[in-house]
Amino acid sequence: ARIRKTFELAGVGIAQVSLDGRFVDVNPRLCEIIGYTPEEFKALAFQEITHPDDLDTDLEYARQLLAGEIDRYSMDKRYFRKDTSVIWVNLTSSLVRDADGNPGHFIAVVEDMTERKDAEETVKRSLDEKEVLLREIHHRVKNNMQVISSLLSLQAAKIDDPLLSELFQESKSRVRAMALIHEILYDSGDLSRIDVKNYVTRLSTSLTRMFEADGRRVRLTVESDEITLGIDEMVPCGLALSELISNCLKYAFPGGREGRIEVRVTAVPEGGVRLTVSDDGVGMPEGLDIRNTGTMGLGLVVSLVEKQLRGRLELVCDQGTRFTMFIPR
């Protein structure tokens, strides 16, 4: 009597199901969930009310129960209610055996998941809306930066002073380095992380075109581990890389000499990132203190790496120039 009372008053649907899938006994809660009376249930098999897309999985689990491969299984599935509407439930099923171990019948516990599925759908819609909004923001930021870059180009075209024109060109490359981050985020499936190799490759190509470097004379290669960075890390990293690569393109190979520029991005064991920009050009002046050069470009790199990213910048002059940035994560 106690077991029967528990069966009838349980807050979840419970059913005894024969080995061929027919309902033998059901409790009142299962009748509420699916919409059939106990008598109507006894004329049905679970296969008849299971959604076709879920039936194969359900049957495979039942086979594994009968074969003794598993003791029980749990799955989210859909039932057709009596009014033909579809309802999501969580089904937990086990197999009752007799004293000799022979299969007797299945016990199915069914929990209505309508509210949970509705909540999940609401959250999904909200996330989808936020993703669309974020993409639109990145798109607009990118477009605004491209407008700024175009205005700088127009202004530079009206300047006869080569030094001033170069300053405008440098500003344009910095804007492009930041705009490229938003462009990649807009195009990617992940709006929070940026594929570093993709970014560095596209940045290098853009700078090469901007400075009209001859790809046959100066060869630029990019090697990178599979690393992603957040936008807060990537913006200062991108600006620093832009400065270093630009310096290589402008100063490392004077007089039309040939050479090579390499950009490497590697993960370091302690959890940070190492970014190296090297060239086999004419090198830097002997005894140069990169923290007191008096130039905006290297001063900006030092500030971005050591102050904003709290990393470390190193310079090695050996058959060319090699800048290495260590960025903690």
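In the block above lies the structure referred to throughout.
What counts and how
Chains are numbered independently. Their residues run from 1 in the order of the written sequence. With the structure being a predicted model, the display of local features is reserved for residues of pLDDT at least 70 and the display and counting of side-chain atom pairs for 80 or more, all residues being used for whole-chain, interface and lining totals. To get the side-chain values, all heavy atoms of the structure are used, and hydrogens and water are removed first. Only Phe, Tyr and Trp rings take part, Trp by its six-membered ring, and two of them pair if their centres are within 6.5 Å. Stacked means planes under 30 degrees apart, edge-to-face means over 60, and tilted covers everything else. Exposed residues in this analysis have more than 50% of their type's maximum accessible area, buried residues have under 20%, and partly exposed residues fall in between, with area computed by a 1.4 Å probe over protein chains only. Secondary structure elements are taken from DSSP: a helix is a run of H or I of four residues or more, a strand is a run of E of two residues or more, and numbering for both begins at the N terminus. For patch building, the residue pool is restricted to those with more than 30% relative accessible area and no salt bridge; the joining distance is 9 Å between like charges and 5 Å between nonpolar side chains (Val, Leu, Ile, Met, Phe, Trp, Tyr). Here the open area of atoms and residues is found with the Shrake-Rupley method and a 1.4 Å probe, where only the protein chains shown may cover a residue. By definition here, a salt bridge exists when the distance from a side-chain nitrogen of Lys or Arg to a carboxyl oxygen of Asp or Glu is within 4 Å. Residues scored as positive are Lys and Arg, those scored as negative are Asp and Glu, and His as well as the terminal groups of each chain are ignored. Working definition for charges: the position is that of NZ of Lys, CZ of Arg, CG of Asp or CD of Glu. For two strands to count as paired, DSSP must find a minimum of two bridges between them. Under this scheme, a helix contributes an axis fitted over its contacting stretch, all axes are lines through C-alpha atoms, and angles between N-to-C directions fall in the 0 to 180 degree range. We call two residues contacting when some pair of their heavy atoms lies within 4.5 Å. In protein, a polar contact means a hydrogen-donor-capable atom and an acceptor-capable atom, both N or O and within 3.5 Å, with residues adjacent in sequence counting only if both atoms are side-chain atoms; elsewhere, any N or O pair within 3.5 Å suffices.

Peer 1: Explain the packing of aromatic side chains to me, please; I cannot follow it from the model alone.
Peer 2: Any two aromatic rings considered together are summarised by their centre-to-centre distance and by the angle between their planes. For the coordinates displayed, the defined rule picks out 3 aromatic pairs. Ring plane angle 65° and centroid distance 5.7 Å describe the contact between tyrosine 36 and phenylalanine 41, whose orientation is recorded as edge-to-face. Of the two residues, tyrosine 36 and phenylalanine 41, both sit in the buried class. Here tyrosine 61 and tyrosine 73 contribute two aromatic rings whose centre-to-centre distance is 4.6 Å and whose plane-to-plane angle is 10°, an arrangement assigned as stacked. Here tyrosine 61, found in helix H5 (residues 52-66), pairs with tyrosine 73, found in strand E3 (residues 72-80); they are 12 residues apart in sequence, far enough to count as distant. Here tyrosine 73 falls in the buried class, since its relative accessible area comes to 7%. Taken together, the ring pairs connect Phe23, Tyr36 and Phe41 into an aromatic cluster.

Peer 1: How do you make sense of a negative patch on the surface when you look at a structure like this?
Peer 2: Taken together, the side chains of Glu111, Asp112, Glu115 and Asp118 make up a negatively charged region of the molecular surface. For the negative patch, the elements supplying multiple residues, two or more each, are strand E5 (103-112) and helix H6 (114-157). Tracing the backbone through its elements, the reader meets aspartate 112 in strand E5. The class of aspartate 112 is partly exposed, set by a relative accessible area of 31%.

Peer 1: Can you walk me through the sheet that holds strand E9 (residues 259-267) in this structure?
Peer 2: Within a sheet, adjacent strands bond to each other through the backbone by hydrogen bonds, running parallel or antiparallel. One open sheet holds the 5 strands; their spatial order is E7-E9-E10-E12-E11, and the pairing between them is mixed. Each edge of the open sheet is held by one strand with a lone partner, namely strand E7 (218-224) and strand E11 (312-316). Pairwise comparison of adjacent strand axes, ignoring direction, gives a mean angle of 10° for this sheet. Strand direction decides the pairing type here: E9 and strand E10 (residues 273-279), joined by 7 bridges, are antiparallel. Counterpart to alanine 267 in the pairing with E10 is valine 273. Set on the sheet, helix H8 (residues 196-210) makes contact with E7 and E9; between it and E7 the angle comes to about 170°.

Peer 1: Is there a simple way to explain the pairing of strand E12 (residues 321-327) in this structure?
Peer 2: Of all 7 residues in E12, 6 are buried, a share of seventy percent or more. Taken together, the 7 bridges between E10 and E12 define a ladder with antiparallel strand orientation. Pairing of threonine 276 across the sheet is with threonine 324, part of E12. Of the strand pairs in this sheet, E11 and E12 are connected by 5 bridges, and their pairing is antiparallel. The residue bridging leucine 315 from the neighbouring strand is phenylalanine 323, located in E12. Joining the antiparallel neighbours E11 and E12 is a turn of 4 residues, in which glutamine 319 adopts a positive phi near 55°.

Peer 1: Help me out: how do you make sense of the pattern of salt bridges in this one?
Peer 2: Side chains that differ in charge, positive against negative, can pair when their charged atoms come close. A full pass over the atoms with the stated rule returns 25 salt bridges. With its nearest N and O atoms 2.9 Å apart, the salt bridge here joins arginine 63 to glutamate 60. With a gap of 3 residues between them, arginine 63 and glutamate 60 both fall in helix H5, about one helical turn apart. The class for arginine 63 is partly exposed, based on a relative accessible area of 39%. The shortest N-O distance in the salt bridge between glutamate 306 and arginine 291 comes to 2.5 Å. Within this pair, whereas glutamate 306 is found in helix H10 (residues 296-308), its partner arginine 291 is found in the loop between E10 and H10, the two being separated by 15 residues in sequence. Overlapping salt bridges bring together Glu223, Arg260, Glu262, Arg264 and Asp280 as one network.

Peer 1: I'm lost on the side chain of aspartate 25 in this one. Help?
Peer 2: Relative to the helices and strands, aspartate 25 resides in strand E2 (residues 23-26). A polar atom in the side chain of aspartate 25 sits 2.9 Å from the side chain of arginine 4. Setting aside residues no more than four positions away along its own chain, aspartate 25 makes contact with Arg4, Phe7, Ile14, Ala15 and Gln16.

Peer 1: Explain the sheet that holds E3 to me, please; I cannot follow it from the model alone.
Peer 2: Sheet architecture is open: 5 strands sit in the order E2-E1-E5-E4-E3, paired in antiparallel fashion. Only two strands of the sheet have a single neighbouring strand rather than two, namely E2 and E3. The sheet shows a mean angle of 30° between the axes of neighbouring strands, direction not considered. The sheet contact formed by strand E1 (residues 13-17) and E2 spans 3 bridges and is antiparallel. Paired with glutamine 16 across the two strands is aspartate 25, which belongs to E2. Packing against the sheet, H6 makes contact with E3, strand E4 (86-97) and E5, and its axis sits at approximately 130° to E4.

Peer 1: For this particular structure, what's the right way to read a nonpolar patch on the surface?
Peer 2: Nonpolar side chains collect at one region of the surface, where Leu133, Leu134 and Ile137 lie side by side and expose about 270 Å² of accessible area between them. When you line up the elements, isoleucine 137 lands in helix H6. The exposure class assigned to isoleucine 137 is partly exposed, which follows from its relative accessible area of 42%.

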